[in-house]
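Residue-level structural notes
Take a look at the letters that make up each chain.
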Amino acid sequence: MELIQETPDLSAYLAADEVIDHEHPVVREAAAHLAKGAADSYAYAQAAYEFVRDTIPHSQDAGDLRVTWRASDVLERRTGICHAKAHALAALLRAEDIPTALCYQSLLHDDGSGRAVHGLVAVRFNGAWHRQDCRGNKPGVDARFSLDGERLAWIPDPESSEMDYPVLYAEPHPAVLRALREAPDRPSLWKTLPTAL
């Protein structure tokens, strides 16, 4: 699949905003800590990815009812669904001048009862975009940081009408962000997250 930048301006994928708030002290502190042990940008990107994937539990897996959406809140509260974790990873990467986009998949629920939009990031290295999924591993999910072929949590099944969306967004999709911001808790969020974009 060919990934398509929403905007041709690469600087948009480095910008800070209310959601990807990489100028916030919590984000800066985490980025500085991760950068200390990284020999180069690639090593930093992998360290940031593994930090978000492994130390911030996916709220569904952890049974946490809180909803986070701002990167600094995800890092501070140590919880979030896939979209929130993608916002946190984007902030950590942009804090170290690594262009990072938000991207999405449409997937069936594990029990087949419906579908949901799943959030990922894409990082730009060596003139190309590479999608990464930091939602957190669990039995049946083994996502890894990779610039040499995707190692995502899920591969969409076209026969089930699952799909990858090719657009790379500089900011969260408005429908996703609205659901995150308005949900009082995670059970409510599951009812309002978009099923398609």
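Up top is the structure.
Owing to the predicted nature of the structure, the values given are computational and were not obtained by experimental measurement.

Following the sequence through the fold, L34 ends up in helix α1 (residues 25-36). It is 6.7 Å that separates the C-alpha atoms of L34 and Y44, two residues lying 10 residues apart in sequence. Ignoring any residue separated from it by four or fewer positions in sequence, one finds L34 in contact with Y44, A47, A48, F51 and L92.

Helices that pack against each other are described as a pair by the angle of their axes relative to one another and the distance between those axes. Helix α5 (residues 82-95) packs onto α1 with a crossing angle of 65 degrees between their chain directions and a minimal axis gap of 9 Å. For the pair α1 and α5, the sense of crossing is right-handed. Contact with α1, carried on its side by V27, R28, A30, A31 and L34, involves A91, L92 and A95 of α5 and no other residues of that element. Grouping the amino acids of the contact of α1 with α5 by side-chain chemistry returns seven nonpolar, no polar and one charged.

Among the 11 residues that make up strand β3 (residues 115-125), eight are buried, leaving the element largely enclosed by the rest of the structure. The pairing of strand β2 (residues 100-108) with β3 spans nine bridges and is antiparallel. Within β3, the position partnered with Q105 by the bridge is H118. In the sheet, β3 pairs with strand β4 (residues 128-132) via five bridges, with the strands oriented antiparallel. Its bridge partner lying in β4, R124 is registered against W129. Taking the residues that link successive antiparallel strands as the turn, the β3-β4 hairpin has two residues, and the phi of N126 there is positive, at about 50 degrees.

Procedures and definitions
Residues numbered from 1 in each chain as written. Predicted model: local features only at pLDDT ≥ 70, side-chain atom pairs only at ≥ 80, totals over all residues. Heavy atoms only, no water. Helix = DSSP H or I, 4+ residues; strand = E, 2+ residues; numbered from the N terminus. Contact = heavy atoms within 4.5 Å. Axes fitted to C-alpha atoms, helices over the stretch in contact; angles between N-to-C directions. Left-handed = near helix turned anticlockwise from the far one by under 90°. Nonpolar A, V, L, I, M, F, W, Y, C, P; charged D, E, K, R; others polar. Buried < 20%, exposed > 50% of the residue type's maximum accessible area, 1.4 Å probe, protein only. Pairing = 2+ DSSP bridges.

It is worth stressing that arrangement in space is one thing and function is another; only the former is reported here.
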